[in-house]
Each structure stands twice: as structure tokens, then as C-alpha cells.
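For reference, the chains in residue letters:
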Amino acid sequence: MPAVGVPVLDELAGEWQPVTSLAHLPSLRNQWGQGHVNHDLTSLSWLAFPPYSGGYHTGVLRLDGRPVAAERMRWSPWGVQRTATHGALTVTTDVRMVYERSRVMWRITLRNDSPDPAHTAVEQELLAMFAHSDVDWGWLYGTPWNSGHHHDFYATERLRAEVTADRPRQVQLLPHGERWIRLGSPRIPGIQREEDSAPMLLESELPDHSAPDSGRVRAPGAPCLVRQLAVDRADGSRVAIGEAQAVYTVRAGTDRRVGTAALGEGDVLVLEVRVDQDATDGVVATHGNHPDSAQLGFSDGRVFLRIGGELVVAPESLPVGSWHTVGVRVAGSGAELLVDDAVAARTAPWWEGQRWKATVPDGDALLVRDSLSPARGAYAFATPPHRLTANGARGLASWQVSLAPGESVDLDFVLDVAGSGQTVLDRSRRDAVDFDAAFADVAEQWRTTWSHAFEPGNHEFSGHLPTLVTEDKDLARTYYLGVLLAVYMRNTRVSRTGPVFLTGGPRLGPTTTYFWDQSEFARTAAMLEPQGMRAWILAALAQPYDHCHSFDTYNQLPVGNHYAANDHALFRTITAYAGVTGETGLLTEVAGGRSVLDHLRAMAYRPRSRRAAFGDGVLADFGRDAWELLECVPNYRDAVVSFNAGYAGMLHTLAALLRTLGHEEEAVAAEAEGSALARAVVGQYAGDGRWSIGHPEGGDVIGHVLDFVLVSADMADSLTADQREAMVEFVSNSLVDGDWMRALDPQDPIAPYADRPDHGAAGAFAAWPGATAYGLCRLGRSDLAAGVLRRAHRATSGALWGQAMEVTADGSYRVAERGVSNRESVAAVAVTEAAIAGLFGVEARIGTPDKAQEGVVRNCFGELRNVQVRAVAPSVNPGQTPPS
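Residues numbered from 1 in each chain as written. Predicted model: local features only at pLDDT ≥ 70, side-chain atom pairs only at ≥ 80, totals over all residues. Heavy atoms only, no water.

Draft legend 1. Representation of the nonpolar core. Counting residues in hydrophobic clusters, the biggest one holds 246 residues, and the most contacted among them are Phe-643, Trp-768 and Leu-839. With twelve residues, helix 10 (residues 641-660) is the largest single contributor of residues to this core. When neighbours within four sequence positions are excluded, Leu-839 is seen to be in contact with Leu-475, Cys-777, Ser-782, Ala-785, Ala-786, Leu-789, Ala-834, Asn-859 and Phe-861. Core analysis: the second largest hydrophobic core is formed by 38 residues, Cys-224, Leu-229, Ala-246 and Leu-269 among them. (Core = buried A, V, L, I, M, F, W, Y, C linked by side-chain atoms within 4.5 Å. Buried < 20%, exposed > 50% of the residue type's maximum accessible area, 1.4 Å probe, protein only. Helix = DSSP H or I, 4+ residues; strand = E, 2+ residues; numbered from the N terminus. Contact = heavy atoms within 4.5 Å.)

Draft legend 2. Representation of the sheet that holds strand 33 (residues 394-403). Overall, antiparallel pairing links the five strands, which are arranged 7-6-12-33-32 in an open sheet. Lying at the two open borders of the sheet, with one neighbouring strand each, are strand 7 (66-67) and strand 32 (387-391). Two elements, strand 32 and strand 33, share five bridges in a ladder whose sense is antiparallel. Within strand 33, the residue paired with Thr-389 across the bridge is Leu-396. (Pairing = 2+ DSSP bridges.)

Draft legend 3. Examining helix 14 (residues 768-778) more closely. The buried fraction of helix 14 amounts to eleven of the eleven residues, a majority that puts the element mostly inside the structure. Positive backbone phi, at 90°, marks Gly-780, one or two positions downstream of helix 14.

Draft legend 4. Spotlight on the pairing of strand 16 (residues 179-184). Counting buried residues in strand 16 gives five out of six residues, a clear majority hidden from the surface. Sheet topology places strand 16 next to strand 20 (residues 255-261); six bridges connect them, and they run antiparallel. When the sheet's bridge partners are listed, Arg-179 is paired in strand 20 with Ala-261.

Draft legend 5. Representation of a negative patch on the surface in the model. On the surface, Asp-688, Asp-722, Glu-725 and Glu-729 cluster together to form a negatively charged patch. Within the secondary structure layout, Glu-725 lies in helix 13 (residues 721-735). Taking relative accessible area as the criterion, Glu-725 reaches 54% and is therefore assigned exposed. (Patch = residues over 30% accessible without salt bridge, like charges linked within 9 Å, V, L, I, M, F, W, Y side chains within 5 Å. Areas by Shrake-Rupley, 256 points an atom, 1.4 Å probe, with all protein chains shown as cover. Salt bridge = Lys/Arg side-chain N within 4 Å of Asp/Glu carboxyl O. Lys, Arg positive; Asp, Glu negative; His and termini not counted. Charge placed at Lys NZ, Arg CZ, Asp CG, Glu CD.)

Draft legend 6. Layout of the sheet that holds strand 49 (residues 763-765). Read from one edge of the open sheet, three strands run 49-50-51, paired in antiparallel fashion. Of all strands in the sheet, those with a lone pairing partner are strand 49 and strand 51 (813-815), marking the two edges. Strand-to-strand, the axes of this sheet are offset by a mean angle of 20°, without reference to chain direction. Here three bridges tie strand 49 to strand 50 (residues 804-807), and the two strands are oriented antiparallel to one another. Bridged to Gly-763 within strand 50 is Glu-806. (Axes fitted to C-alpha atoms, helices over the stretch in contact; angles between N-to-C directions.)

Draft legend 7. Local environment of the pairing of strand 11 (residues 103-112). The buried count for strand 11 comes to eight of ten residues, which makes it a mostly enclosed element. Here strand 10 (residues 89-97) folds back onto strand 11 in antiparallel fashion, the turn holding five residues, of which Glu-100 has a positive phi close to 50°. Across nine bridges, strand 11 lies against strand 34 (residues 408-418) in antiparallel orientation. Looking across to strand 34, one finds that Ile-108 is bridged to Leu-411.

Draft legend 8. View of helix 2 (residues 421-433). With 13 residues, helix 2 ought to run about 18 Å at 1.5 Å a step, and its terminal C-alpha atoms sit 18 Å apart, in line with that. Of all the positions in helix 2, only Gly-421, Val-424, Leu-425, Ser-428, Arg-429, Asp-431 and Ala-432 are classed as buried. Along the axis of helix 2, the buried positions cluster into a sector of 165°, meaning they face one direction only. Among the structural elements, strand 11, strand 30 (365-370), strand 31 (376-381), strand 34 and helix 3 (435-452) are those in contact with the buried residues of helix 2. At the N-terminal boundary of helix 2, the capping side chain belongs to Ser-420, with an oxygen 3.4 Å from the backbone nitrogen of Gln-422. (Expected span 1.5 Å × (residues − 1). Arc of directions from axis to C-beta. Polar contact = N/O pair within 3.5 Å; in protein donor to acceptor, adjacent residues only side chain to side chain.)

Draft legend 9. Spatial organisation of the packing of aromatic side chains. Here the structure, examined in full by the defined rule, presents 35 aromatic pairs. Relative to Tyr-488, the ring of Trp-446 lies with its centre 5.9 Å away and its plane at 45°, an arrangement referred to as tilted. In this pair, Trp-446 sits in helix 3 while Tyr-488 sits in helix 4 (residues 473-488), placing the two residues 42 residues apart along the sequence. The side chain of Arg-96 reaches across the aromatic face of Phe-439, ending 4.0 Å from its centre. (Phe/Tyr/Trp six-rings, centres within 6.5 Å; stacked < 30°, edge-to-face > 60°. Lys NZ or Arg CZ within 6 Å of the ring centre and 35° of its normal.)

Written out as C-alpha cells, the structure is:
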């Protein structure tokens, strides 16, 4: 049983939610893997149990030959329930990932609510399109397709949206929106940074946030001539692309944009091409910058079409020395490669067995083999189907169900994934035989883990978290949901270093941790999992964190572009660990060729090499690349206040740390440097709680939460009483909004150009309410902070917080899906961090008078029990050289 004050885990499960009220459907996790539910009653997408990743989806439930859309859903840590009505029947499904296993269990319950007997034909489609891979586990990680292994976000999403269609189609072949037609060497899928007018095109382009081992390289352009590019619309019209009379020369290194076009159902992208040599290889034209982009090229002189995970090649080489018409027709029924107006090749349905083969060994289970990797998946049944068949990559389990009035029946089955066919058959059959016990055990395992999170000396975590005992039910719910999010995002398998807190997903990052997100709950993480955090810190410091924003914990490889937040994030995480555990031995450890203490020095002293060449030359200049800062706010660049304030705080913390290590002379210098930077930051104050961004061409006032949270967290002591009051008033009146907040003041002039629901005016990132509450505490307004925290739990959309919560038409907030947002984001554990460090003052700051805090901390908000903060005490004599 949980400790006194800790809610039973069942109380934190969500309520039933109408699907129409959800922008982002729930997820599944089990400490090993992750998955996403779809709009039907049983299928899952984005399944990943590294080193196994799943493609397409797991199969749709059909009743009397038709799929049934879920009407309501309910999330719990151990699974997701979906329900709908079908005639006289109420159909409820419950899908669970077996705890710390690459296994999924389904229960389909049909209940006859009518006064008459009911009969229905039940068909469960069975798909297990898994691949094994020890590489390509970045934020955008590799998923398997019939042709190749790559991440394709929008193609998978189109397949997810199609699960309630009467019959499956090849909708992944229908591209999303306007895309550039490029000639020659195709780019690695990623952001087209030259589009300065719209720097964050997440709806049509995605960053290539893959790991270096993904193996993605640019294919060469095919030596040829191209002319007469056009789109022939399904309605018979033609839209020319590029210059009408132009003849374009393509060579191996050519990368030329010609124009934009959208391709809809039945449209044909067409061009004329001439090659003058036999056995030509390379790419001629690409529609866009995605893995699923339609691509025309040559392979040994034969024309090929690559699109949406499929590859088809013309049977004959194209004659050289003359002009030929080449094109691709796209449709949900398939794509066709056209050569001289004839169909030279066409894609086959993705489920027909090009790569995966399904069989029914011994007649009682379905085995699916991947022909390109050792991955195997098997379905076994606790309720044997009346008929079980295999065709291509698919299986089909069928039951004929007859129910008397009020009667119900359960149809139960299991999927196991591993590297051996016999292994998956044995495992799935074993759980199918004892289905009820195994199914119930999933929830029991989660309940046990939950209790251990608050138990000193437990055997599951290397630490524990304080118990909040309070009469304030709303404050308690937010606090404990934050803890649950940390436990939910904890993965015990993917990293060689031990347990890690994954950043988000499940459509992204089943092995990835971002430096910035980790820092938003650094104290909490150090309390709950100190050993894991110590190992994570050393692994993170071994990364080139001046060139990436995160790393793949599976292969310890960097991911993505640099973030300006990295120094502050890593510094905060390391010093929080030291403050919580009291351990200074970490400072002598070597990672990335230098000691941890020298990493801290390098981070804190970074402004020395980044002084702005404008203004007074004191502030650090973070450059012009919006992707390194707030991504979606175009003017938030150059000498921003937020991270300059962060560096000022880092220098003061470094000084305190150096002082405890007996390095007084350097401590005095660091403190003075921090104070000078803090004065320069205060000089950017623009009044009314807002701050001015320093640009070469002059200042630019903005009202963004990031300035508030970092100034208040790292520089509260440098502000006047009037400035504090104005900042509180600004964040309370312009950003905090109902149950959540907006990252950017909607009245800000830049707001119309920053509509993303995490960092713009349409909502706010997962961490911002927690960080704002902590900032309010630092400014002396814990009463307002408590109000923010009391309301935050209402924005969870029946589960936990996502990357972004967006405001809806009625003024409420929900977890956003648009902008490639994550269904869960570990950064929201900041609400728990704010309660511990803000409301109860357990800050674990290095060099502060309170030092160690043990036992119970009491105030007007209640009691925080089982607090254990050892603090950093002087470990060397004054004047002694610190470890380096």
C-alpha cells in the first residue's frame, strides 16, 4: 500500500473522455517501450520496444464487416480502454503492455444491452510489422517499411487516420500539402532553413533529428536533362512548374528547387527527361523533403519510383539520346510509375507480404516473420477464434458471437515480439493460457512501482520522492500526477547506463533524452533516481553538447541541432544532483575528455567567448538561428535576456561551489563576473514586466515566459521591488490563463507569427506552468504559485501532460497534437519540482545556509515528508586546489 498521503494509483487514472474532446489520443508505456492508440477500437501505431520498432499499425477490429470508431477512451498507467456501440452491443476494449516485456495484451468485451438476442461477426486484423535494428534510434527514429527503414512521421499518421475506413488503402502514398519540386540530389529529410519567411514549417517539413548511425546519405543526382515539369490534375487541368521553356541540366551534385506543388488523389507529377549514357544511376526529381516524398530516378538505366515506403522499377532501360515522358500518379489505391504515358510499374498494397510473411503454425497462433531482420511477432489467443487465417503480411481472427440479453463475452489475445519465432510463439501462448492473471498483473506491477517511488530504501528506484500530505486536493493531484509522469517516462531497458527518463513520445524518441527537458525537474530526478542521474550526467557530458540538443541513450550518440539552453540545462542538472545528494566525487569524474568540474567551468564561462558586438558588449549573443532558441518565435534571437540571466545564475552558483571546494580566489572572480552580467541583464528591463531583446539593429521588446522563468529563478535578488511586482503582474495577467497559460503574450506584435502551441501564443510548453510557479515563489508570491499548480492537472486531457497544451474555442486547455507535439513530455514534472523547491523551499542550492534538509518540511500548504537533501558541504580546506 502507498504511504500515508500518497493516492492509490487507480485514483490518478483518467476519467472516460469523449474522443471528440481529445486532440491527442492516449499512449501506452511499460518501462521498456511505447505505443499510440488509434481512433478505432484495437489498433496501435508507433509501437517500439528497442531494439524492435513497429511499422504501419497492429490491425483493426471489424464487426459485421465494418470497423467501429471509438466513441470514448480512458487512460491508465497500465493501459487504455476504448468503447463504442454497435447496434445492440456495447463494445469495450482494453489494451495493455506487459510490464517490462515486449508484449501487448488485448481484451475485447462485447455486451448485449438489448432485450433481444444479438449476433455479430467479429474480425480482428492481425499485423506485426516489426524490425530489429541496433542503429537509427534518434528522436526521429527508424521505423520499417516495405522498402527500407526510415522515420516517416506524416505517412504513419495518414495510416493511423485511415483505420476507421471500410477497407485499408495505400494512403501513405498521398503526400501532405505543398512541397518543393527538387531536381538532382535529394536532401536528407529535414528543415529547409532557407525559408526565412516561415522558419518553422513543421506541418510540411521535419528536422532530421536522427542519430549519426542512421546511415542516411544524400543520393547523387542522375546525369540527364529535364524539361516540361508539370502536375496533371485529376480533373484534366495542367499546372506548369518552373520556366515553361527551360531545359535543366542535372548532375550528381545538382540540388535545384523549381517550384511548389501539391499532389492529390489521381494527380500526376510529370516531366520530360533525356539521358545520354547507358546504365544511368541517381535521382532526377523529388516532391518535397520527406522520407515518403515521391522520387523519380534511374537505377542502372531503368526508371524507378520511390514513395511512401515503396519502391518500384520499370522492367526495361530507358532508351538514351531522346526525350521521354516520366511521371508518377498518386492515389489511395496505389501509385503508378508512368513512362511514355504507359504504366511501367505500380505499388502493391502494403499488407500483401512484400516484406513480412504471416503463417498459422499448428493452427492456433499467428507468426509474422520479417524477411529483412530477425524480428518475429506472434499472436496467441485465450479465446480461440472460430477461424484463423494468414494472407501475405496479415492475419485474420474471426469469431461468431451470439449473446442473450444482458450477456457479455471476452475475446482475449496476446502479441509478443522477439528475435526468434519459437520464442514469440511460446511466450504469447503462455500468457494466453493464463490470460486473466497475466492481464491483471500488468496493473499490479504498476501499483507496486508507484508505491516504491515514495518508499525509502525500496528495491526498484535508487532513491525516493517526498510524500505530500495536504488538505488541498487539487495541489496534491498536480503534485502526484507530476511524479507519475516521471515514473511513466522512466525506461529501464534502452540505456546501457541504467534507468533513464525519456523526453517524450510515443510518436518520437523511444531512446532519446533532451538536456533542456531533463533540467526542468533536475532535483526531482536526483531524489528519485540518483544513481541513474549520475550515470546520465556522465553520458550527457560525453556528447558534443555544443552541437546537439539531445542524445540517443541506446547507442550514446548525439541527436539534432544545438540548443542555446544546453549550458544552462546541463549546469542546472549537475548542480541539482550535487545539491540533493551532497556528493562532490562526481566533480572529479572525467567525461568527454575533461572533469565534470571543468565542464561546469566551461559552461558558466561561455559568455566570455560570446560577447555581443553591439550594445555594451557584456551580454552574450546567441546568434540568429531561431532553431537554437525558441524555434517558433522569429525575433527571439541574438542577445536574449533569458539565457543571459541563466549564465549570471550559473556564475554565482559556480562561485558557491568553488568556495565549498576551497578555491576562494576563483570564486570571487566568478561571482564578480556573474554580478556584472546580471547588471547588464537588468539593463534590458523594458518596464511592465517585459524585457528587451538586444539586436545589432536595436532592441525589441517581447513578453515571453522564458524571460520570466529564468530571470526569476536565477536573478531574483538582482531585481528591485517594483520590477518584481511588475513581473508578477505581467505573468499573472498576460500569460497565466485559466487552467494553463500561454508562452507568449497574445498581444505581442510577434504573436501572429508564433502560433505553435508550445512556445507561441496558442498555448504553452509542458514545463512552463511549473517553472512559472517556481518563479513566482522566488519573487515572493507563493500564493499565486499555488494557484497555478492547483489548476494545472485539469489540462491533462484525461491522462498526463503533453509537450504542448493548447487553448480551445471555449477557453479550456487540452494536450495538443499539431506541430508534431508529443502526447507525453517529461518536462511537465516541473510542477512537482515547483512544489518541492518553490512552495516548500527544498531547493538543494549549493552554498546556501539551509544545507541539508531531512524528514518533514511544514508550511501553510501542508507537509512534505521523507525529505532527504544532503547538500554540498565543504570537503577541502580553504585555499586547497579543487579536483579538476
